[in-house]
Amino acid sequence: MIQFRAVSVALAGALTGALVLTSCAGDQAGPSGGDTNIVQGTGEITQVAAADREEAPDLTGESVDGDPLRLSDYRGQVVVLNIWGSWCPPCIAEADNFVRVAEDTADQGVQFLGINTRDRSRENADGFERTHDVPYPSFYDPDGRLLLEFPSGSLNPQAIPTTLIIDREGRIAARALKALTEEELRAALDPVIAEG
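Residues numbered from 1 in each chain as written. Predicted model: local features only at pLDDT ≥ 70, side-chain atom pairs only at ≥ 80, totals over all residues. Heavy atoms only, no water.

Visitor: Any details on the packing of aromatic side chains? Residues and values, ideally.
Guide: Scanning all chains against the criterion turns up 3 aromatic pairs. Arranged with centres 4.4 Å apart and planes meeting at 20°, the rings of Trp84 and Phe128 form a pair that is stacked. With Trp84 in strand β6 (residues 78–84) and Phe128 in helix α3 (residues 122–131), this pair connects stretches of sequence that are 44 residues apart. Owing to a relative accessible area of 9%, Phe128 belongs among the buried residues under this scheme. Consider the rings of Phe112 and Tyr136, whose centres lie 5.5 Å apart with planes at 40°: the pair is tilted. Of this pair, Phe112 sits in strand β7 (residues 110–117) while Tyr136 sits in the loop between α3 and β8 (138–141); the two residues are 24 residues apart in sequence, bridging distant segments of the chain. (Phe/Tyr/Trp six-rings, centres within 6.5 Å; stacked < 30°, edge-to-face > 60°. Helix = DSSP H or I, 4+ residues; strand = E, 2+ residues; numbered from the N terminus. Buried < 20%, exposed > 50% of the residue type's maximum accessible area, 1.4 Å probe, protein only.)

Visitor: Residue-level account of the environment of Ser72, with values.
Guide: With respect to the helices, strands and loops of the structure, Ser72 is situated in the loop between β5 (68–70) and β6. Owing to a relative accessible area of 29%, Ser72 belongs among the partly exposed residues under this scheme. Placed 97 residues apart in sequence, Ser72 and Glu169 show a C-alpha to C-alpha distance of 9.6 Å.

Visitor: Give a detailed account of the nonpolar core, specifying residues and quantitative values.
Guide: Leu59, Leu71, Leu81, Leu113 and Ile115 are the most contacted members of the largest nonpolar core, which totals 28 residues. If you list the elements that add at least two residues to this core, you get β6, α2 (89–105), β7, α3, β8 and β9 (162–166). The element best represented in this core is β6, accounting for 4 residues. The residues contacting Leu59, other than those within four sequence positions of it, are Leu69, Arg70, Leu71, Leu81, Ile115, Phe139, Leu146, Glu149 and Phe150. If you look at the next biggest cluster of nonpolar residues, it comprises 20 residues, including Val99, Ala176, Ala188 and Val192. (Core = buried A, V, L, I, M, F, W, Y, C linked by side-chain atoms within 4.5 Å. Contact = heavy atoms within 4.5 Å.)

Visitor: Tell me about empty space enclosed by the protein, and name the residues and values.
Guide: On inspection of all chains with the given rule, the structure shows 3 cavities of 30 Å³ or more. When its volume is computed, the second largest cavity comes out at roughly 90 Å³. What lines the second largest cavity is simply Asn82, Trp84, Cys91, Glu94, Ala95, Phe98, Gly114, Phe128, Glu129, Val134, Tyr136 and Ser138. Put simply, the parts of the chain that give the lining of the second largest cavity at least two residues each are β6, α2 and α3. In terms of residues, the lining of the second largest cavity owes the most to one element, α2, which gives 4 residues. Looking at the lining of the second largest cavity, its residues break down into 7 nonpolar, 3 polar and 2 charged. (1 Å grid on protein atoms, 1.4 Å probe; cavity = no way out; pocket = protein on both sides within 12 Å on 5 of 7 lines; lining within 4 Å. Points joined across faces, edges and corners; volume = space filled by probe spheres on them. Nonpolar A, V, L, I, M, F, W, Y, C, P; charged D, E, K, R; others polar.)

Visitor: Go over the state of the cysteines with me, naming the residues and quoting the values.
Guide: One pass over the structure, following the stated rule, counts 1 disulfide. Each disulfide pairs two cysteine sulfurs, and for Cys88 the partner residue is Cys91, the sulfurs being separated by 2.5 Å. Because the torsion about its S-S bond is 75°, the bridge between Cys88 and Cys91 counts as right-handed. Owing to a relative accessible area of 0%, Cys88 belongs among the buried residues under this scheme. Take Cys91: its relative accessible area is 2%, and that puts it in the buried class. (Disulfide = S-S within 2.5 Å.)

The quantities given are spatial measurements derived from coordinates; they are silent on function.
Right under this line is the structure:
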């Protein structure tokens, strides 16, 4: 059992590394920034017509605070899912934009969630959330395992930061492979809210 767990952890680490390398080398992402761990996105924001949307995986795990967290618990709401790390300057730059829009849209059936990735310490992730007064939970995913649950070829996260907007039926309606301004976030989110 212990050998199996060690192999599973090693395999997950290898798969995460492959995902990051694929992101760095693929046409969907630009080069990493220096010797940081940032995988720069293309700057592309993709919106998908309702008839063409794919279902998001049902992510489950623990929040940065250690509480259980499950994406499907928010079915029936529009979900903004932001992939971030406390070590990532573009994530820091966009954080306050997400906080403002989360607070402004909370009474419109919108739930913000995060996936904190590649932070080896919960303390760093928690410090980021406290510094920016983040009012919503984030999955704690130091090894990037949750990112691997998105099927290849789908609107999967391919950069850090990435933001996915998931419609009320649990389908991916939009993806941004870049840090978002408040205006860009609202422009991507408003049409999905309007679908009622």
